[in-house]
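# Reading the structure
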Amino acid sequence: MKFGIVFFPTVGPADRGAQQYFDEALRLVDLAEELGFDHVKMVEHYFFAYGGYSPDPVTFLAAAAGRTSRVRLGTSATIPAFQHPVKLAGKLAMLDNISGGRVDAAFGRAFLPDEFKAFGVSIDESKDRFVEGVDAIKRLWAEEDVVVEGRFHRFGPVTLLPRPVQQPHPPVFVTTARSAESCAEAGRAGHHLQTVPNVMSTEELQHRLSLYRAEWAAGGREPGTEQIHFSYPCVVDEDGERARVKGRLDDDRNSAAIRDAVASWGTTRSEAYPGYEKLVEATRTSHFESKMEQQKLLVGAPEQVRAQLERISGWFGDDITISLGVHSGHLSFEDAATTMRLMAEQVIPKLNGGRG
């Protein structure tokens, strides 16, 4: 397993000011570099406490690039439906140059009706916009004199500047939360995969991974060269009970933030998002204890979290990469730093009998 850090703020001004949050997050980026974590990532969302402090992950990652030299920099994820592909391709290529070729580019469809409404984009078009946008961005990175004659964008011939450092382009990830078909399509297209185990059962996730891996291999790609990233909220403390108290608080606040963000699914229906109307009820009935029982949160003393990770490895394979959500903004900077140090010093080195 590899391990990195994902930042997903779920706070607003009444909880923690944005300047304070980003100052703390960037200090944690420094710590991730120092401790040898694989990557840092930042999400893209708007308006709500649920991720709303990060409308542009590239801005945060550019700041992170300027204070690091090794750790990879990932979007988790950026949304093609909300930006012109020339603009988004250019921003990510610029970040790849600033960072010396350390960008992992993850793209997502988005799923909050209020975000689509604000951008004047039909939520029913999200999949088509996603496919067209990612294809255009990859072409802009790898080709010259690009001409796009799509449903949503028409331009060219265009040769993007700057060219990305990583050729033919940075690693491309697809972020998916609920759709088995999206996992299969990602494998078919040769894209890497990001997902959130929190939103599905172990059996559902195993099925999605089997579809993804089968499609990856069916395209003539070598099995095992695909990258699969999971995101887990994480609180580690020397005292396991103290970790649970903090983890419960963080999960309760995170759950409240997503409940507010998905509320409009109570009155929204889209064939592009089958079953998403159930999100409202799902966020009301999901609780800390049940998540802990299902290994959807990494919370406890070092030996307890190590045992959780070894179960997860047994379910999904030891070649996955784990992105640790250590700082949503509800716990202190010191809590997040403690989690990272304990993971790096007492959990990761002792996994699977010391094989890491």
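What this report covers is the structure whose coordinates are included nearby. (Residues numbered from 1 in each chain as written. Predicted model: local features only at pLDDT ≥ 70, side-chain atom pairs only at ≥ 80, totals over all residues. Heavy atoms only, no water.)

## Some words on the overall build of the protein
- Counting its regular elements, the protein contains 12 helices and 11 strands.
- For the protein, the C-alpha atoms occupy an extent of roughly 60 × 45 × 45 Å along the three principal directions.
- Looking at the protein as a whole, 55% of its 356 residues qualify as buried.
- Of all intrachain contacts in the protein linking residues separated by at least 6 positions in sequence, the fraction that spans at least 24 positions is 72%.
- As displayed, the protein offers around 14,800 Å² of accessible surface, 50% of which is attributable to carbon and sulfur atoms.
- Counting 40 positive and 49 negative side-chain charges, the protein places the centres of these two groups 1 Å from one another. (Helix = DSSP H or I, 4+ residues; strand = E, 2+ residues; numbered from the N terminus. Buried < 20%, exposed > 50% of the residue type's maximum accessible area, 1.4 Å probe, protein only. Contact = heavy atoms within 4.5 Å. Areas by Shrake-Rupley, 256 points an atom, 1.4 Å probe, with all protein chains shown as cover. Lys, Arg positive; Asp, Glu negative; His and termini not counted. Charge placed at Lys NZ, Arg CZ, Asp CG, Glu CD.)

## Brief notes about the packing of helix H2 (residues 57-65) against helix H3 (residues 85-98)
- Relative orientation of the contacting elements H2 and H3 amounts to 10 degrees, with a least axis distance of 9 Å. Overall, the two elements H2 and H3 adopt an arrangement that is roughly parallel. Contacts between H2 and H3 involve Val58, Leu61, Ala62 and Ala65 on the former and, on the latter, Lys91, Leu92, Leu95 and Ile98.
- Partitioned by chemical class, the residues of the contact of H2 with H3 number seven nonpolar, no polar and one charged. (Axes fitted to C-alpha atoms, helices over the stretch in contact; angles between N-to-C directions. Parallel < 35°, antiparallel > 145°, perpendicular 65-115°, else oblique. Nonpolar A, V, L, I, M, F, W, Y, C, P; charged D, E, K, R; others polar.)

## Notes on the pattern of salt bridges
- Summed over all chains, the structure comprises 23 salt bridges.
- Between glutamate 34 and arginine 341 there is a salt bridge, with the nearest N and O atoms lying 3.5 Å from each other. Remark: arginine 341 occurs in helix H12 (residues 333-347) and glutamate 34 occurs in helix H1 (residues 18-35); sequence separation between them is 307 residues.
- With a relative accessible area of 54%, glutamate 34 lands in the exposed category.
- Residue glutamate 143 is joined to arginine 139 by a salt bridge in which the shortest nitrogen-to-oxygen separation is 3.2 Å.
- For arginine 139, a relative accessible area of 23% translates into the label partly exposed.
- One network of salt bridges, with partners in common, ties together Glu125, Asp128, Arg129 and Arg151. (Salt bridge = Lys/Arg side-chain N within 4 Å of Asp/Glu carboxyl O.)

## Notes on the packing of aromatic side chains
- Scanning all chains against the criterion turns up 21 aromatic pairs.
- Aromatic pair tyrosine 212 and tryptophan 216: ring centres 6.2 Å apart, planes at 45 degrees, arrangement tilted. One end of the pair, tyrosine 212, and the other, tryptophan 216, are both in helix H7 (residues 202-218), four residues apart, so they sit about a helical turn from each other.
- Ring centres 5.0 Å apart and planes at 80 degrees place the aromatic pair tyrosine 273 and tyrosine 276 in the edge-to-face group. Per residue, the accessibility class of tyrosine 273 equals that of tyrosine 276, and both read buried.
- Following the ring pairs from residue to residue traces out a cluster consisting of Phe8, Tyr50, Phe111, Trp265, Tyr273 and Tyr276.
- If you follow arginine 27 out to its NZ or CZ, it ends over the ring of phenylalanine 333, 3.8 Å from the centre.
- Over the aromatic face of tyrosine 273 sits the side chain of arginine 109, whose NZ or CZ is 4.5 Å from the ring centroid. (Phe/Tyr/Trp six-rings, centres within 6.5 Å; stacked < 30°, edge-to-face > 60°. Lys NZ or Arg CZ within 6 Å of the ring centre and 35° of its normal.)

## Focus: the packing of helix H11 (residues 302-316) against H12
- Orientation of H11 relative to H12, taken along the N-to-C sense of each, is 75 degrees, at an axis distance of 10 Å. By the angle between their axes, H11 is roughly perpendicular relative to H12. In contact with Pro302, Val305, Arg306 and Leu309 of H11, H12 contributes Leu342, Met343, Gln346 and Val347.
- Here the residues of the contact of H11 with H12 are counted per class, giving six nonpolar, one polar and one charged.

## Concerning unusual backbone geometry
- Looking along the chain, the bond that leaves serine 76 and enters alanine 77 is cis, with omega of 0 degrees.
- Tracing the chain through its elements places alanine 77 in the loop between strand E3 (72-75) and H3.
- Following glutamine 167, the chain continues into proline 168 via a peptide bond in cis, with omega recorded as 5 degrees.
- Among the structural elements, proline 168 can be located in the loop between strand E6 (154-158) and strand E7 (172-176).
- Backbone geometry at phenylalanine 47 places phi at a positive 75 degrees, although glycine is not the residue there.
- Along the polypeptide, phenylalanine 47 turns up in the loop between strand E2 (39-42) and H2.
- One non-glycine residue, glutamine 295, adopts positive backbone phi at about 60 degrees.
- One can find glutamine 295 in the loop between helix H10 (288-293) and strand E10 (298-300).
- Judged by relative accessible area, which is 9%, glutamine 295 ranks as buried.

## Comments concerning the pairing of strand E5 (residues 146-149)
- Side chains Val146 and Val148 project from E5 onto a buried face, and the interleaved Val147 and Glu149 project onto a face without burial.
- Alignment of E5 against E6, held across three bridges, turns out to be antiparallel. Bridging from a neighbouring strand, glutamate 149 pairs with arginine 154 of E6.
- Two successive antiparallel strands, E5 and E6, enclose a turn made up of four residues. (Pairing = 2+ DSSP bridges.)

## Some remarks on H3
- Between its first and last C-alpha atoms H3 spans 20 Å; for 14 residues at 1.5 Å apiece the expected length is 20 Å, and the two agree.
- For H3, the complete set of buried residues consists of Pro85, Leu88, Ala89, Gly90, Lys91, Leu92, Ala93, Leu95 and Asp96.
- Looking at the packing, one finds that the buried side of H3 touches H2, E3, strand E4 (103-107), helix H5 (126-142) and E6.
- One or two positions beyond H3, positive phi appears at glycine 100, with a value near 70 degrees. (Expected span 1.5 Å × (residues − 1).)

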